[in-house]
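# Per-entry structural report
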Amino acid sequence: MDQLSFEELKKLISSGESKSAEFKRISMFRDSSEILEQLSAFSNRDGGHLLFGLQDDGSVEGETFDADEEIERIGHLIRDSTSPLADVSPRLFYSEIGMVLDLVMRRRRGIPGAVVRRSLHEIRTRRYYVRTDVGSRFVDDRTLEWMFSINASPRFLIGSEFEFRIGKATSR
């Protein structure tokens, strides 16, 4: 997942939310569980862009924020609450009407990315999420089995069913 130029960012935003882009208002900086869910979901699919400073329709909110503080806080969240550590690159965009922070999330290879809770540095719980065409969702057992065994992207169907294709094999 490459860093975007300003023109590429505008094109991504104009395409709307998708499997590879999620828009969040600045107020969502305080929702740690939502940030972690989105980072896990993107890392367990194809990567993507978590964009702060945008309304759901893609318009820039027009507010400013302390980008250094928010990037540092998100870095602490990643260090304390993801395993393996999420691979995120922040990029800040300024426009005449406001700021947009793009958290570029790369796809995990190998072990899927989880949101974890620790007690004395020991992981007590793991929650896995995956990105779909309409947002993110909690991973069920069948999807978790796929995540640990196959590195191809599944095609998600209605509900929790999915299918993947490796050579001739198809699973439902």
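Let me begin by describing the structure that accompanies this report.

### Let's talk about the packing of helix α2 (residues 32–43) against helix α3 (residues 67–81)
The interhelical angle for the contact between α2 and α3, taken along N-to-C directions, is 70°, at an axis separation of 11 Å. Relative to α3, the element α2 is oriented roughly perpendicular. With respect to the hand of their crossing, α2 and α3 are arranged in right-handed fashion. The segment α2 lies against α3, with Ser32, Ile35, Leu36 and Leu39 engaging Arg73, Ile74, Leu77, Ile78 and Ser81. Of the residues assigned to the contact of α2 with α3, the class counts are six nonpolar, two polar and one charged.

### Details of the environment of Phe65
Looking at where Phe65 falls in the secondary structure, it is placed in the loop between β2 (48–52) and α3. Relative accessible area serves as the criterion here: at 13%, Phe65 is assigned to the buried category. Separated by 34 residues in sequence, Phe65 and Met99 place their C-alpha atoms 7.7 Å apart. Sequence-distant contacts of Phe65, defined by excluding residues within four places in its chain, comprise Ile26, Phe29, Glu70, Leu92, Met99 and Leu101.

### Comments concerning the pairing of strand β7 (residues 122–132)
Here strand β6 (residues 114–119) pairs with β7 via six bridges, running antiparallel. Bridge pairing in β7 places Arg118 opposite Ile123. The antiparallel pairing of β6 with β7 creates a hairpin that spans two residues between the two strands, and Leu120 there sits at a positive phi of about 50°. Across four bridges, β7 lies against strand β8 (residues 135–138) in antiparallel orientation. Across the sheet, the residue bridging to Arg131 is Ser136, located in β8. What sits between the antiparallel neighbours β7 and β8 is a turn of two residues.

### Topic: unusual backbone geometry
Of note, the bond from Ser83 into Pro84 is cis; its omega dihedral lies within 30 degrees of zero at -15°. Position of Pro84 among the secondary structure elements: in the loop between β3 (82–83) and β4 (88–95). If you check the backbone angles, Leu120 has positive phi at about 50° while not being a glycine. Since its relative accessible area comes to 79%, Leu120 is described here as exposed.

### Comments concerning helix α1 (residues 6–14)
All buried positions along α1 are accounted for by Leu9, Leu12 and Ile13. Projected onto a plane normal to the axis of α1, the buried residues spread over an arc of 95° and lie on a single side. Of the residues in α1, the exposed ones pointing more than 90 degrees away from the buried face are Glu7, Lys11 and Ser14. In the stretch just after α1, Gly16 is the one whose phi turns positive, near 85°.

### Looking at the pattern of salt bridges
Using the criterion set out here, one finds 12 salt bridges in the structure. Between Arg25 and Glu61 there is a salt bridge, and its shortest N-O distance comes to 3.4 Å. One end of the pair, Arg25, is in the loop between β1 (21–24) and α2; the other, Glu61, is in the loop between β2 and α3, with 36 residues separating them in the sequence. Glu70 is the partner of Arg30 in a salt bridge, and the nearest nitrogen-oxygen pair spans 3.1 Å. Of this pair, Arg30 sits in the loop between β1 and α2 while Glu70 sits in helix α3, and the two are 40 residues apart along the sequence. Residue class for Arg30 comes out exposed when judged on its relative accessible area of 51%.

Criteria and thresholds
Residues numbered from 1 in each chain as written. Predicted model: local features only at pLDDT ≥ 70, side-chain atom pairs only at ≥ 80, totals over all residues. Heavy atoms only, no water. Axes fitted to C-alpha atoms, helices over the stretch in contact; angles between N-to-C directions. Helix = DSSP H or I, 4+ residues; strand = E, 2+ residues; numbered from the N terminus. Parallel < 35°, antiparallel > 145°, perpendicular 65-115°, else oblique. Left-handed = near helix turned anticlockwise from the far one by under 90°. Contact = heavy atoms within 4.5 Å. Nonpolar A, V, L, I, M, F, W, Y, C, P; charged D, E, K, R; others polar. Buried < 20%, exposed > 50% of the residue type's maximum accessible area, 1.4 Å probe, protein only. Pairing = 2+ DSSP bridges. Arc of directions from axis to C-beta. Salt bridge = Lys/Arg side-chain N within 4 Å of Asp/Glu carboxyl O.

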